[in-house]
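Given next are the chains, with one letter for each unit.
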Amino acid sequence: MAEGTRFELAVLSHAGFQDQCLKPLGHPSVSHYIILTPISKFLWYNERMSIFIAIFLGIVQGLTEFIPVSSSGHLELIQQIIGGRADNFHLFIELINLGTVLALIIYFRKRILKILNDIFKKKNYKLAINVIITCIPAGLAGLLLSHFIETNGFFSSLYTVSIAMMVIGILMVASSKLPHMSKLKDEDKLTKPRALYIGLAQVFALIPGVSRSGSTILAGRAVGLSAASAAEYSFLVSIPLMLAVCAKSLISSSTRTYLTENLGPLLLSNLFAFVFGLIALKVVMNYVKKQDSLRAFGFYRIILASIVLIYLLIQ
């Protein structure tokens with residue numbers, strides 16, 4: 001082995017590992033290689049996913065699913081950084097939604113019980129119907145376009161992610177100055193047309209970098225909800241959608257096979273997504289009570305998007 005040659009431990013995506021144990025890195029004129037070393041027995045949970053990558057993805061999913069900075073955008077960035085887009089990466093991300101949806105159910109358990117009590121005892125269906133109305137546009141779009149989204153390069157492009165982050169970031173910074181409908185006391189006062197408006201805005205979250213919570217909180221503010229009420233409604237609406245995504249994934253035989261083969265990394269990721277999801281929910285629900293609370297998230301998105309765009313333009 002030539003002196004001065006740099007070697008690094010492989011941190012590969014689950015799809016890339018099967019086909020290669022030796023991978024060129026860096027400038028094409030320099031022979032840098034990623035290799036596996038004996039310590040990889042400790043660092044790799046199995047042949048498909050590093051323990052540390054699985055934990056890291058779980059932490060990112062838990063934090064960014066509820067902080068309105070786009071979990072899909074951050075995970076797409078991470079996936080491209082650690083080794084390019086893996087064929088089954090979308091399956092891994094869909095399956096670690098289990099941890100975050102469980103965090104939602106635990107955090108909002110009292111609110112969910114109140115809604116169920118309104119439905120079955122008080123026969124008050126208003127909020128439940130509004131939640132369904134809000135879910136329908138994104139649910140239908142996701143169902144009909146899922147294959148297109150998974151296979152079309154537009155949805156994995158870092159240009160798409162960064163531009164979407166930038167646009168929503170600007171809207172967040174300017175949210176207090178944007179036109180708003182008449183103010184509503186809380187999400188219980190939401191009308192059906194306004195619920196549909198939020199649902200239509202949620203469709204844009206299918207684009208990585210937009211953020212489901214970000215788009216629905218912005219839409220909630222536009223239809224007259226306070227930032228706190230808009231955030232709570234956004235998270236309540238996400239529960240049936242996330243459960244539907246998980247159910248759709250588990251119905252597929254190929255997904256069940258993938259789940260079996262990657263059970264260890266998926267359990268780790270879901271555990272960390274659950275824990276950090278609870279932390280993120282508590283932080284966000286307290287923070288959005290402040291005036292102009294969306295501005296900080298907006299500035300973060302603009303800065304990150306600018307860094308990625310500059311990198312893409314100069315490389």
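Structure first, text after, so check above.
Throughout what follows, the structure given in this document is the object of discussion. (Residues numbered from 1 in each chain as written. Predicted model: local features only at pLDDT ≥ 70, side-chain atom pairs only at ≥ 80, totals over all residues. Heavy atoms only, no water.)

Once that is clear, we can look at the overall build of the protein chain. Check the secondary structure of the protein chain and you find 15 helices and three strands. Look at the contacts in the protein chain between residues 6 or more apart in sequence, and 79% of them connect residues 24 or more apart. Just so you have it, the protein chain exposes about 15,900 Å², and 68% of that area is on carbon and sulfur atoms. (Helix = DSSP H or I, 4+ residues; strand = E, 2+ residues; numbered from the N terminus. Contact = heavy atoms within 4.5 Å. Areas by Shrake-Rupley, 256 points an atom, 1.4 Å probe, with all protein chains shown as cover.)

Moving on, we come to the layout of surface pockets. Its volume calculated, the largest pocket comes out at about 1,000 Å³. As for the largest pocket, its lining consists of 34 residues, and the residues nearest its centre are E94, N97, A205, L206 and V245. Among the elements that make up the lining of the largest pocket, the one with the highest residue count is helix α8 (residues 126–151) (seven residues). In terms of residue class, the lining of the largest pocket is made up of 14 nonpolar, 13 polar and seven charged. Looking at the second largest pocket, its volume works out to about 420 Å³. What lines the second largest pocket is a set of 21 residues, and nearest its centre among them are I168, L171, F204, S215 and L218. (1 Å grid on protein atoms, 1.4 Å probe; cavity = no way out; pocket = protein on both sides within 12 Å on 5 of 7 lines; lining within 4 Å. Points joined across faces, edges and corners; volume = space filled by probe spheres on them. Nonpolar A, V, L, I, M, F, W, Y, C, P; charged D, E, K, R; others polar.)

Once that is clear, we can look at the environment of L304. Positionally, L304 belongs in helix α15 (residues 294–314). Sequence separation of L304 and H74 is 230 residues, and the distance between their C-alpha atoms is 9.9 Å. With sequence-adjacent residues up to four places away left out, L304 is seen in contact with H74, L77 and M165.

Our next topic: the nonpolar core. Core analysis: the largest hydrophobic core is formed by 45 residues, its most contacted members being L104, L190, Y233 and F235. With 10 residues, helix α12 (residues 227–251) is the single largest residue contributor to this core. Grouped together as the second largest cluster of nonpolar side chains are 14 residues, L57, V60, I78 and L266 included. (Core = buried A, V, L, I, M, F, W, Y, C linked by side-chain atoms within 4.5 Å. Buried < 20%, exposed > 50% of the residue type's maximum accessible area, 1.4 Å probe, protein only.)

This paragraph deals with unusual backbone geometry. Backbone phi values are negative for most residues with the exception of glycine, while trans is the configuration of most peptide bonds. Even without a glycine there, the phi angle at K123 is positive, about 55 degrees. Its location among the elements puts K123 in the loop between α7 (109–120) and α8.

Right, let's talk about the pattern of salt bridges for a bit. Under the defined criterion, the tally for this structure stands at five salt bridges. Of the charged contacts in the structure, one is a salt bridge between R111 and E187, with a shortest N-O distance of 3.0 Å. Residue R111 is located in helix α7, and its partner E187 is located in the loop between α9 (158–173) and α10 (192–203); the two are separated by 76 residues in the primary sequence. Pair check on accessibility: R111 and E187 agree, each one buried. R111 is the salt-bridge partner of D188, the closest N and O atoms lying 3.4 Å from each other. (Salt bridge = Lys/Arg side-chain N within 4 Å of Asp/Glu carboxyl O.)

Within the secondary structure layout, Q61 lies in helix α3 (residues 51–66). Note on Q61: relative accessible area 1%, which makes it buried. Residues in contact with Q61, not counting those within four places in the same chain, are S71, L75, I96, N97, T100 and A273.

The next point concerns a positive patch on the surface. A surface patch of positive charge is lined by K126, K185, K189 and K192. Residue position: K189 is located in the loop between α9 and α10. (Patch = residues over 30% accessible without salt bridge, like charges linked within 9 Å, V, L, I, M, F, W, Y side chains within 5 Å. Lys, Arg positive; Asp, Glu negative; His and termini not counted. Charge placed at Lys NZ, Arg CZ, Asp CG, Glu CD.)

With that out of the way, let us pick up α9. The terminal C-alpha atoms of α9 lie 22 Å apart, and with 16 residues this matches the ideal 22 Å at 1.5 Å per residue to within 8%. L158, T160, V161, S162, A164, M165, M166, I168, G169, M172 and V173 are the residues of α9 that are buried. Of the surrounding secondary structure, the elements contacted by the buried residues of α9 are α4 (71–81), α11 (212–222) and α15. Put simply, S157 is the residue that caps the front of α9, since its side-chain oxygen is 3.1 Å from the backbone nitrogen of Y159. (Expected span 1.5 Å × (residues − 1). Polar contact = N/O pair within 3.5 Å; in protein donor to acceptor, adjacent residues only side chain to side chain.)

This part takes up a nonpolar patch on the surface. Taken together, the side chains of Y159, I163, V167, L171, L178, I310, L313 and I314 define a hydrophobic patch exposed on the protein surface, amounting to about 760 Å² of accessible area. When residues of the nonpolar patch are traced back to their parent elements, those giving at least two are α9 and α15. The leading source of residues in the nonpolar patch is α9, at four residues. With respect to the helices and strands, L171 occurs in helix α9. Take L171: its relative accessible area is 34%, and that puts it in the partly exposed class.

As far as function goes, none of this settles anything; it's purely spatial.
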